[in-house]
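# Survey of secondary and tertiary structure
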Amino acid sequence: MNAIKYGNQIISYTQLFDRLRHENPAALGKVVSLYGELTRDSLGIRKEDYEEVVKNVSVVFNLAASLKLEADLRTAVEHNTIGTLKLLTFAKTFEKLEAFVHISTTFCHPEEEEVKEALMKTPVDPNYVIDLLNWMNPEMLEKLRPKILGCHPNCYTFSKALTEKIVENFAGEVPVCIARPSIVVPSLREPMPGWVDSLNGPVGVLVAGGKGVLRSMLGKPNVQAQIIPVDIAINALIIIAWKKATKKEKELIPVYNISCDEKVPITWGDVLEKGRRYGLEYPINPGLWYPNGSMTTNQITHFLTVFLLQLVPAYFIDLLLICLGHKPFMIYVQNRINQGSKLLQYFTMRSWKVHIEKAVALIDAVSEEERLIFYTSNAQYNIDEFMVAAILGTKQYCLREPLSTLPSARRKLKV
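Residues numbered from 1 in each chain as written. Predicted model: local features only at pLDDT ≥ 70, side-chain atom pairs only at ≥ 80, totals over all residues. Heavy atoms only, no water.

## What to know about the overall build of the chain
Rules: Each helix is a run of DSSP H or I of at least 4 residues and each strand a run of E of at least 2, with the numbering of both proceeding from the N terminus. The globule rule is 2.2 Å times the number of residues to the power 0.38, and the radius of gyration it is compared with is taken over C-alpha atoms. With a 1.4 Å probe rolled over the protein chains alone, any residue whose accessible area is under 20% of its type maximum counts as buried; one over 50% counts as exposed, and the rest are partly exposed. Here the accessible surface of atoms and residues is derived via Shrake-Rupley with a 1.4 Å probe, and residues count as covered only by protein chains that are part of the display. Asp and Glu are treated as the negative residues and Lys and Arg as the positive ones, with His and the ends of the chain left uncounted. Where a charge lies is defined by one atom per residue type, namely NZ (Lys), CZ (Arg), CG (Asp) and CD (Glu).
Within the chain one finds 16 helices and ten strands. In terms of C-alpha radius of gyration, the chain reaches 23 Å, essentially the compact-globule figure of 22 Å for 415 residues. In the chain, which comprises 415 residues, the proportion classed as buried is 47%. Per element, the accessible surface of the chain, about 21700 Å² overall, is 57% carbon and sulfur. Averaged over its 47 positive side-chain charges, the chain has a centre that lies 5 Å from the centre of its 44 negative ones.

Quick look at the structure:
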């Protein structure tokens, strides 16, 4: 299946667009899918589409990226840094360009305990890293990776820091601005409460805990969870683009940190406790063990819990499966969970003071009517209701479990 057909199928059939298909189906006709490749010049767009893009595109949202925290250095830099460099170079030719919104991450400078809404110094020249990829073989690159990354926990945050410097270099030629979402979680309201289609981050932990295969994770329960519902993040991006295109701003490169921070005070301990409580009330179809789990800062306690309650049972079940002539899978599952937990624990074991003053003030720039449509900092949260919606959304949209399975899932928990 080619990229255009795949894009059209997503729009035509996924639950994300169910409401739009019902309320305003004609709007879907405005969406045009184009073939392209992120790391090629001019995005590899076909000749018949090139002129259309150059003459008519006025706003660019640079969302395309490799979001895998476990990605290797070459993949992360090629997709996130070189891809953005290619797109910015292409965008310079757009005749009507009014705003180029680059989506970064709150954690692109993890060495900073205080994350300000401003550009920060990148210790490594992105052009130097790009040159390394051109001549260094993969084995040598992997050996040097820890030194190249420095304070960064993974190649994703490192590549995002490099990319911000690339964006800065284009400031005089392209109308750029930077948005830094934190950890994106299920939607608050739109297109429906709790919508999510990825098991990355906290949602994956929620599912693993609900299936009973995750019993411990490293984290500080009292640390503020830097999260943002996906619909609020998208609304903020739309306002940022509109403001860049229509308002005269003091800063050449406006930077916005899109996160709840202390405006919605919820800690990782709260996430765990509420997730456990409502996960039992609205369960996903249970796995092998009763849902449970804990968060600790003690590495020895964590290791023993994982070894005794995750790894030992997994090896035992796989041995049984082999004896019965079936394919083992539990060790594979545990390895994936262990990899995901290690990547996430960097963020659950540390705290940052994230400044969101400029992002909070975005809502003041729009009319009273549009504040209801593009809600951001004016949105009212009920954390308990949000957690219930997130759990039910994960069940329906990620795991494809209809709500009609709730009674049977509850019965299974009691067995």
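## Digging into helix H15 (residues 383–398)
Rules: Each residue after the first adds 1.5 Å to the expected span of a helix. As used in this structure description, the phrase polar contact means that two N or O atoms lie within 3.5 Å; if the pair is within protein, one of them must be able to donate a hydrogen and the other to accept it, and residues adjacent in sequence are counted only when both atoms belong to side chains.
Taking 1.5 Å per residue as the helical rise, H15 with its 16 residues ought to reach 22 Å, and the 21 Å between its terminal C-alpha atoms agrees with that figure. Along H15, 13 of the 16 residues are buried, which leaves the element largely enclosed by surrounding structure. Regarding H15, its N-cap is Asn382, as a side-chain oxygen of that residue lies 3.1 Å from the backbone nitrogen of Asp384 further along.

## A look at the nonpolar core
Selection criterion: Nonpolar cores are built from buried Ala, Val, Leu, Ile, Met, Phe, Trp, Tyr and Cys residues. Side-chain atoms within 4.5 Å join them into one set.
Grouped together as the largest cluster of nonpolar side chains are 49 residues, with contacts concentrated most on Val101, Ile227, Ile240, Ile258, Trp268 and Trp352. Sorting elements by how many residues they give to this core places helix H9 (residues 230–246) first, with seven residues. Residues Ile45, Val167, Ile253 and Val255 belong to the second largest nonpolar core, which totals 21 residues.

## Here's the deal with the packing of helix H4 (residues 73–91) against helix H5 (residues 126–135)
Spelled out, the test is: Throughout, an axis means a line fitted to C-alpha atoms (over the contacting stretch in the case of helices), and angles, computed between N-to-C directions, take values from 0 to 180 degrees. Under this scheme an angle from 65 to 115 degrees is roughly perpendicular, one under 35 degrees roughly parallel, and one over 145 degrees roughly antiparallel; angles in between are oblique. Crossing chirality is assigned from the near helix's rotation relative to the far helix, an anticlockwise turn below a right angle marking it left-handed and a clockwise turn marking it right-handed. Contacts: residue pairs with any heavy atoms within 4.5 Å of one another. Residues are grouped as follows: Ala, Val, Leu, Ile, Met, Phe, Trp, Tyr, Cys and Pro are nonpolar; Asp, Glu, Lys and Arg are charged; every other residue, Gly included, is polar.
Taken N-terminus to C-terminus, the directions of H4 and H5 make an angle of 125°; their axes are 11 Å apart at the nearest point. Here H4 lies oblique to H5, going by the angle between them. Judged by the sense of rotation from one axis to the other, the crossing of H4 with H5 is left-handed. In contact with Arg74, Val77, Glu78, Thr81, Ile82 and Leu85 of H4, H5 contributes Val129, Ile130 and Leu133. Taken together, the residues of the contact of H4 with H5 sort by class into six nonpolar, one polar and two charged.

## Quick look at the sheet that holds strand E1 (residues 59–62)
Operational definition: Note: two strands are recorded as paired if DSSP finds a minimum of 2 bridges between them.
Judged by pairing direction, the sheet is parallel, and its four strands sit side by side in the order E1-E2-E4-E8 without closing on themselves. With one partner strand each, in any of the chains shown, E1 and strand E8 (255–258) form the two edges of the open sheet. Averaged over all pairs of adjacent strands, the angle between their axes in this sheet comes to 20°, without regard to strand direction. In the sheet, E1 pairs with strand E2 (residues 99–103) via four bridges, with the strands oriented parallel. Bridging across to E2, Val59 finds its partner in Ala99. Each of E1, E2, strand E4 (176–181) and E8 touches H9; the most contacted strand, E2, lies at about 145° to it.

## Remarks on the side chain of Ser187
For Ser187, the position within the fold is in the loop between strand E5 (183–185) and helix H8 (202–210). Overall, Ser187 belongs to the buried group, its relative accessible area being 0%. At 2.6 Å, the side chain of Ser187 and the backbone oxygen of Met192 are in polar contact. Contact partners of Ser187, with chain neighbours within four places excluded, come to Met192, Pro193, Gly194, Trp195, Pro229, Val230, Asp231 and Phe386.

## What to know about the environment of Glu262
Inspection of the secondary structure assignment puts Glu262 in the loop between E8 and helix H10 (268–281). Sequence separation between Glu262 and Ala208 is 54 residues, and the spatial gap between their C-alpha atoms is 27 Å.

## Looking at helix H16 (residues 406–414)
Note the cut-off: Read the arc as the range of directions from the helix axis to the C-beta atoms.
Burial in H16 covers these residues: Leu406, Ala409 and Leu413. Relative to the axis of H16, the buried residues are bounded by an arc of 65° and lie together on one face. Facing away from the buried side of H16 by more than 90 degrees, the exposed set consists of Arg411 and Lys414. Lining the buried residues of H16 we find H10 and H15.

## Topic: the UniProt feature "domain: Fatty acyl-CoA reductase C-terminal" (unreviewed entry) in the chain
Applicable threshold: UniProt positions are given in the numbering used here, feature names are shortened, and annotations may be inferred rather than shown by experiment.
UniProt's entry tags residues 310–401 with the feature "domain: Fatty acyl-CoA reductase C-terminal" (unreviewed entry), counted in the numbering of this structure. Along residues 310–401 the backbone is 65% helical and 2% strand, and the end-to-end C-alpha distance reaches 25 Å.

## Regarding the environment of Asp364
Looking at where Asp364 falls in the secondary structure, it is placed in the loop between helix H13 (357–361) and helix H14 (368–373). Taking the C-alpha atoms as reference, Asp364 lies 9.6 Å from Ser377; in sequence the two are 13 residues apart.

## Here we look at the pattern of salt bridges
Convention followed: Basic side-chain nitrogens of Lys or Arg form a salt bridge, by our definition, when they fall within 4 Å of a carboxyl oxygen of Asp or Glu.
For the structure shown, the criterion picks out 18 salt bridges. Note that Asp18 and Arg21 form a salt bridge whose closest N and O atoms lie 2.3 Å from each other. Of this pair, Asp18 and Arg21 both sit in helix H2 (residues 18–23), three residues apart, roughly one helical turn. Residue classification places Arg21 among the partly exposed residues on the basis of a relative accessible area of 23%. Between Glu173 and Lys92 there is a salt bridge, with its nearest N and O atoms 3.0 Å apart. Residue Glu173 is found in the loop between helix H7 (155–169) and E4, and its partner Lys92 is found in the loop between H4 and E2; the two are separated by 81 residues along the sequence. The class of Lys92 is partly exposed, set by a relative accessible area of 40%. Through salt bridges with shared partners, a single network forms among Glu273, Lys274, Arg277 and Asp384.

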